[in-house]
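Each chain is listed here by its residues.
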Amino acid sequence: MTVGVASAWMACGAATAPTKPTAPTSPPASAFLTDTVQSATGAVADVRELLGHVDPATHPDFVAIPTAWCAREGLMLRTEACSTFVAMAEAAALEGIRLEALSATRTFAHQRSIWERKWSRPRYMGWEGVDIARDILTYSSMPGSSRHHWGTDLDLHSLESDDFTHGEGQRVVAWLRANAEGFGFVEVYTEDPARTGYLPEPWHWSYMPLAEAFLAQLEEARARNELPAFAGFSGAELADSLGIFDAYMRGIHRP
Ligand SMILES: [Zn+2]
């Protein structure tokens, strides 16, 4: 599981390589499942960044995923998540499995463009706002609530559930389910019946050593009433009644 670790660090932005790289190999599961989780690097982010108000292209904690592992250029992650993803992708490649990133960090503005494009679908003509929001929330997050804001989460291989039931997609997800947790990546939107929120997303993988710390940070900010209200997009006023924080943001599977 140590394949490519050194090259991974260089691949993920040598110019901004951290001084204390953390071996991205097999953290014990408990390392990212405690209530008081700290990332291996002790990462703490600005809460506004976690709500998507961040420019990963200029932020020192973000790097571009090497194009070899992307469907398109310019996909970015936080450095630790990126280097670990590259190590995982290299390990998968040795077994003939290609882990290709389709989407990684998305800003509030990017998520808002996705949300508004869906909100204005012709088929929603005449619908109540709450029904439009619920329908979009089948798979897409309200701006400000997406784990993609955090720089820890990736969509891999395909955005169609059916693609993971046969052929290459089935092999990809089987490999991930067998191996990703050893790298700290977890399938958060599973079929787990105890889970609320989005439908299952076999393509969405989250780097938990950072993501759990960031979710805990948001929960603490919320407990202190320091989390700003959702605003700036269609249906934002529905966020609380729809349970965006409790049902969706906290509606994740943990192994
Ligand atoms: Zn996703």
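Residues numbered from 1 in each chain as written. Predicted model: local features only at pLDDT ≥ 70, side-chain atom pairs only at ≥ 80, totals over all residues.

K.L.:
Give a description of the overall build of the chain that names residues and reports values.
P.N.:
A tally of regular secondary structure across the chain gives eight helices and six strands. In the chain, buried positions account for 39% of the 255 residues. Long-range pairs, those at least 24 residues apart, make up 76% of the contacts in the chain with a sequence separation of at least 6. (Helix = DSSP H or I, 4+ residues; strand = E, 2+ residues; numbered from the N terminus. Buried ≥ 20, exposed ≤ 12 C-beta atoms within 10 Å, placed from the backbone. Contact = placed C-beta atoms within 7 Å.)

K.L.:
Lay out unusual backbone geometry in plain terms, naming residues and giving numbers.
P.N.:
Here His157, not a glycine, exhibits a phi torsion of approximately 75 degrees, which is positive. One non-glycine residue, Asn225, adopts positive backbone phi at about 60 degrees. Note on placement: Asn225 falls in the loop between helix H7 (208–223) and helix H8 (244–249).

K.L.:
Break down the environment of Glu237 for me, citing the residues and quoting the values.
P.N.:
Mapped onto the secondary structure, Glu237 falls in the loop between H7 and H8. Along the backbone, Glu237 and Val130 are 107 residues apart, and their C-alpha atoms lie at a distance of 9.7 Å.

K.L.:
Tell me about helix H6 (residues 167–183), and name the residues and values.
P.N.:
Across its 17 residues, H6 extends 24 Å between first and last C-alpha, which sits within 8% of the 24 Å expected from 1.5 Å per residue. Restricting attention to buried positions, one finds in H6 the residues Val172, Val173, Leu176, Ala180 and Phe183. Structurally, H6 contributes buried residues whose contacts are with helix H3 (79–94), strand E4 (153–156), strand E5 (185–187) and strand E6 (204–207). Where H6 ends, the next residue or the one after it, Gly184, has phi of about 95 degrees, a positive value. (Expected span 1.5 Å × (residues − 1).)

K.L.:
Give a description of the pairing of E6 that names residues and reports values.
P.N.:
Of the two faces of E6, the one lined by His204 and Ser206 and the one lined by Trp205 and Tyr207 are each fully buried. Across three bridges, E4 lies against E6 in antiparallel orientation. From the neighbouring strand, Leu154 faces E6, where its bridge partner is Trp205. Of the pairings in the sheet, the one linking E5 to E6 comprises three bridges and is antiparallel in character. (Pairing = 2+ DSSP bridges.)

K.L.:
So what's going on with the confidence of the model for the chain? Residues and values would help.
P.N.:
Atomic detail in the predicted coordinates should be set aside for any region of low pLDDT. Looking at the chain as a whole, its pLDDT mean stands at 88, while 83% of the residues score no less than 70. The model gives residues 1–10 a pLDDT under 50, and that stretch makes 22 contacts with residues more than four places away or in other chains. (pLDDT = per-residue confidence, 0-100.)

K.L.:
Explain the sheet that holds E6 residue by residue, including any values.
P.N.:
The four strands lie next to each other as E3-E4-E6-E5, forming an open sheet whose pairing is antiparallel. Looking along the sheet, the strands with just one partner apiece sit at the ends: strand E3 (101–103) and E5. For this sheet, the mean inter-axis angle between neighbouring strands, taken without regard to orientation, is 45 degrees. Examined bridge by bridge, E3 and E4 share two bridges and lie antiparallel to one another. (Axes fitted to C-alpha atoms, helices over the stretch in contact; angles between N-to-C directions.)

K.L.:
Please provide a residue-by-residue account of H7, values included.
P.N.:
Spanning 16 residues, H7 covers 22 Å between terminal C-alpha atoms, matching the ideal 22 Å at 1.5 Å per step. Those residues of H7 that fall on the buried side of the exposure criterion are Met208, Pro209, Leu210, Ala211, Glu212, Ala213, Phe214, Leu215 and Leu218. Against helix H2 (47–50), strand E2 (76–78), H3, E4, E5 and E6 lie the buried residues of H7. Two residues or fewer after H7 comes Asn225, characterised by a positive phi angle close to 60 degrees.

K.L.:
Tell me about the packing of H3 against H6, and name the residues and values.
P.N.:
For the pair H3 and H6, the least separation of the axes is 10 Å and the interaxial angle reads 140 degrees. As summarised for this structure, H3 and H6 are arranged oblique, according to the angle between their axes. The element H3 and its partner H6 pack so that their crossing is right-handed. In contact with Thr84, Ala87, Met88, Ala91 and Ala92 of H3, H6 contributes Trp175, Asn179, Ala180 and Phe183. (Parallel < 35°, antiparallel > 145°, perpendicular 65-115°, else oblique. Left-handed = near helix turned anticlockwise from the far one by under 90°.)

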